[in-house]
Amino acid sequence: ADLLFQTAKDAGLEYDCVCGVPYTALPLATIICSENQIPMLIRRKEAKDYGTKRLVEGTINPGETCLIFEDVVTSGSSVLETAEVLQKAGLKVTDAVVLLDREQGGKARLEECGIRLHSVCTLSSVLEILQQQGEVAVEMVEKVKKFIQGNVFEPVAQNGPAPVKRLCKELSFSTRAELPGVHPIAARLFMLMEKKQTNLCLSADVTSSKELLQLAAILGPSICILKTHIDILNDFTQEVVKELRMLADRHEFLIFEDRKFADIGNTVKHQYEGGVFRIASWSDVVNAHVVPGSGVVKGLKEVGLPLQRGCLLVAEMSSQGSLATGDYTKAAVQMAEDNSDFVFGFISGSRVSNKLEFLHLTPGVQLQTGGDNLGQKYLSPEEVITRKGSDIIIVGRGILSASDHLQEAEKYRKAAWESYVSRLGVGA
């Protein structure tokens, strides 16, 4: 806190109040304000439905200048989000002070939006000092520098599309598997995708156990994930999922039960662990809506974390008129970041997070674009992977309606994989 305050002082910054980016920088801002008698504002990530119901707490005097404090800046998104909320409240935001600038494009992005970034230190200076002191090997320093250089965020174009920010350079799945803090399920998935050269997820929406197991046996080598709706099987038994588990291990694909949990924590905990299906005992991956709040993830995590399972959050949907947009999507991303020990990605129509540890899976994919009479919209593999930045296509009817399932699955696998390879080439 003292270093942040001194950096602001050395830069000669003039400001009327302070706001720490929630939540890590809040205690830093609190110390700075209490020790130096500076008015403090608190930005909430979401307005409560009681009390003041405000996103910014504190005495707001429109026209005054608010200085933002942050602990670490990578892309600058968190600072920009805080600045936007403060500006909507009538305040000016011209500067931000950060403890560590990771030098991945955040400073340039902030400057493009009219915010000057002042850092106590940069990642390169920290690495240099650690190397000089013999605390970090030269090889590790070079490895980190190479990673940073390959993961620089582009500035946001003025009046351009802001929700999804593209990277200057793409990383391969195998490289992403080695990122610090990547979830074990994500790392495993990244590696098997590279090994099998497939980023195809089969949506096996069938009602017969026999058909489900046949699909797993025949298409297993072509897919990275098999997605089930286990509750639509007319003849479900535990023997079915036991055999499915054996096929998954044999052909190296993950099982994803598309349960879309959407209840309070205690309820989803029981739905996940027990009942007729005992999903946690056999499914590598499940998903959840964020409507109930963080309790839904906490409930699932209590069961899944000890079993080394993973969860995807529904951030966007492919159906026409979906309400999973805007602030809802942002809330899903934040919930994932807050629970990255269990959540490793999203069901979404495009890349919604810049954190490359997260995977994006997109449903509603067909070789022929269009839609159905129930509101489903279809996009091509190229559109989803190359243009929208997703990682995995989810295909159901496009394969299941074909007379030759394997031949059709191979068409989708090749289209999706070639789009991924093309994306790597564009970024290189």
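Preceding block: the structure.
Residues numbered from 1 in each chain as written. Predicted model: local features only at pLDDT ≥ 70, side-chain atom pairs only at ≥ 80, totals over all residues. Heavy atoms only, no water.

Q: Describe in detail the overall build of the protein chain, supporting the description with residues and values.
A: When helices and strands are tallied, the protein chain shows 16 helices and 16 strands. Residue pairs at least 24 apart in sequence account for 66% of intrachain contacts in the protein chain once pairs closer than 6 positions are excluded. Carbon and sulfur atoms make up 51% of the accessible area of the protein chain, which amounts to about 20,000 Å² in all. (Helix = DSSP H or I, 4+ residues; strand = E, 2+ residues; numbered from the N terminus. Contact = heavy atoms within 4.5 Å. Areas by Shrake-Rupley, 256 points an atom, 1.4 Å probe, with all protein chains shown as cover.)

Q: How would you summarise the sheet that holds strand β10 (residues 285-288) if you had to cite specific residues and measurements?
A: As summarised here, the arrangement of the eight strands in space is β7-β8-β9-β10-β11-β12-β13-β16, forming a closed barrel in which the pairing is parallel. Here the average twist between neighbouring strands, direction ignored, is 30°. One ladder, built from four bridges, connects β10 with strand β11 (residues 310-314); its direction is parallel. Bridge pairing in β11 links Val285 to Gly310. (Pairing = 2+ DSSP bridges. Axes fitted to C-alpha atoms, helices over the stretch in contact; angles between N-to-C directions.)

Q: Any details on the packing of helix α11 (residues 265-273) against helix α12 (residues 295-304)? Residues and values, ideally.
A: In contact at an axis separation of 7 Å, α11 and α12 are set at 35° when each is read in the N-to-C sense. Helix-helix and strand crossings are classified by hand; for α11 and α12 the assignment is right-handed. Note on element contacts: α12 touches α11 through Gly295, Val296, Gly299, Leu300, Glu302, Val303 and Gly304, opposite Gly265, Val268, Lys269, Tyr272 and Glu273. Along the lines of polarity and charge, the residues of the contact of α11 with α12 split into five nonpolar, four polar and three charged. (Left-handed = near helix turned anticlockwise from the far one by under 90°. Nonpolar A, V, L, I, M, F, W, Y, C, P; charged D, E, K, R; others polar.)

Q: I'd like to hear about the state of the cysteines, residue by residue, with values.
A: Enumeration according to the criterion identifies zero disulfides in this entry. Of the cysteine sulfurs around Cys33, a residue in no disulfide, the closest is that of Cys17, at 8.5 Å. Residue classification places Cys33 among the buried positions, given a relative accessible area of 6%. (Disulfide = S-S within 2.5 Å. Buried < 20%, exposed > 50% of the residue type's maximum accessible area, 1.4 Å probe, protein only.)

Q: Can you lay out the pairing of strand β1 (residues 17-20) for me, pointing to particular residues and giving the numbers?
A: Sheet faces and side chains relate simply in a regular strand, where the side chains alternate between the two faces. The side-chain alternation of β1 yields two buried faces, one formed by Cys17 and Cys19 and the other by Val18 and Gly20. For β1 and strand β4 (residues 66-73), the ladder comprises four bridges, and the chain directions are parallel. When the sheet's bridge partners are listed, Cys19 is paired in β4 with Ile68. Across two bridges, β1 lies against strand β2 (residues 40-43) in parallel orientation. Within β2, the position partnered with Cys19 by the bridge is Leu41. Handedness of the crossover is the feature at issue here: the chain leaves β1, passes through helix α2 (residues 26-36), returns alongside β2, and the resulting connection is right-handed. (Right-handed = clockwise from strand over helix to strand, strands pointing away.)

Q: Quick one: what's the story with the packing of helix α5 (residues 123-132) against helix α6 (residues 138-149), residue by residue and with numbers?
A: Helix-helix packing: each pair is described by the crossing angle between the helix axes and the interaxial distance. Between α5 and α6, the least distance of the axes is 10 Å, while the angle of their chain directions is 170°. Taken together, α5 and α6 sit at an angle that is classed as roughly antiparallel. Along its contact with α5, which presents Leu123, Leu127 and Gln131, the element α6 presents Val138, Val141, Val144, Lys145 and Ile148. Residues belonging to the contact of α5 with α6 are distributed by class as follows: six nonpolar, one polar and one charged. (Parallel < 35°, antiparallel > 145°, perpendicular 65-115°, else oblique.)

Q: I'd like a description of the environment of Phe5, backed by residues and values.
A: Tracing the chain through its elements places Phe5 in helix α1 (residues 2-10). Spatially, the C-alpha atoms of Phe5 and Val120 are 9.6 Å apart, while their sequence positions differ by 115 residues. What Phe5 contacts, discounting residues up to four positions off in sequence, is Tyr15, Ile32, Asn36, Ile38 and Phe69.

Q: Can you break down the sheet that holds β2 residue by residue, with the values?
A: The mixed open sheet is built from six strands, whose spatial order is β3-β2-β1-β4-β5-β6. Here the strands that pair on one side only, and so sit at the sheet edges, are β3 (56-57) and β6 (116-122). Where helix α3 (residues 77-88) meets the sheet, it contacts β1, β2, β3, β4 and β5 (95-101), and its direction lies at approximately 160° from that of β4.

Q: I'd like a rundown of the packing of aromatic side chains, residues and numbers included.
A: In total, this model carries seven aromatic pairs according to the counting rule given. Aromatic side chains Phe236 and Phe277 sit 4.9 Å apart centroid to centroid with 70° between the ring planes, which places their arrangement in the edge-to-face category. With Phe236 in the loop between β8 (225-228) and α10 (238-251) and Phe277 in the loop between α11 and β10, this pair connects stretches of sequence that are 41 residues apart. A residue is classified by how much of its surface remains accessible, and Phe236, at 15% relative accessible area, is buried. (Phe/Tyr/Trp six-rings, centres within 6.5 Å; stacked < 30°, edge-to-face > 60°.)

Q: Talk me through the pairing of strand β12 (residues 343-347); I want residue IDs and the actual numbers.
A: Burial analysis of β12 places five of its five residues in the buried class, the great majority of the element. The sheet contact formed by β11 and β12 spans four bridges and is parallel. Within β12, the position partnered with Leu312 by the bridge is Gly345. Both β12 and strand β13 (residues 359-362) contribute to a ladder of three bridges, which runs parallel. Counted as the bridge partner of Gly345 is Leu359 from β13.

Q: Run through the pattern of salt bridges, naming residues and quoting values.
A: Counted by the stated rule, this structure contains 18 salt bridges. For Lys88, the salt bridge is made with Glu84, and the minimal N-O distance between the two is 3.4 Å. Remark: Glu84 and Lys88 occur in helix α3; sequence separation between them is four residues, near one turn of the helix. Exposure remark for Lys88: the relative accessible area of 69% places this residue in the exposed category. A salt bridge links Glu252 to Lys195; the nearest nitrogen and oxygen atoms lie 3.0 Å apart. (Salt bridge = Lys/Arg side-chain N within 4 Å of Asp/Glu carboxyl O.)

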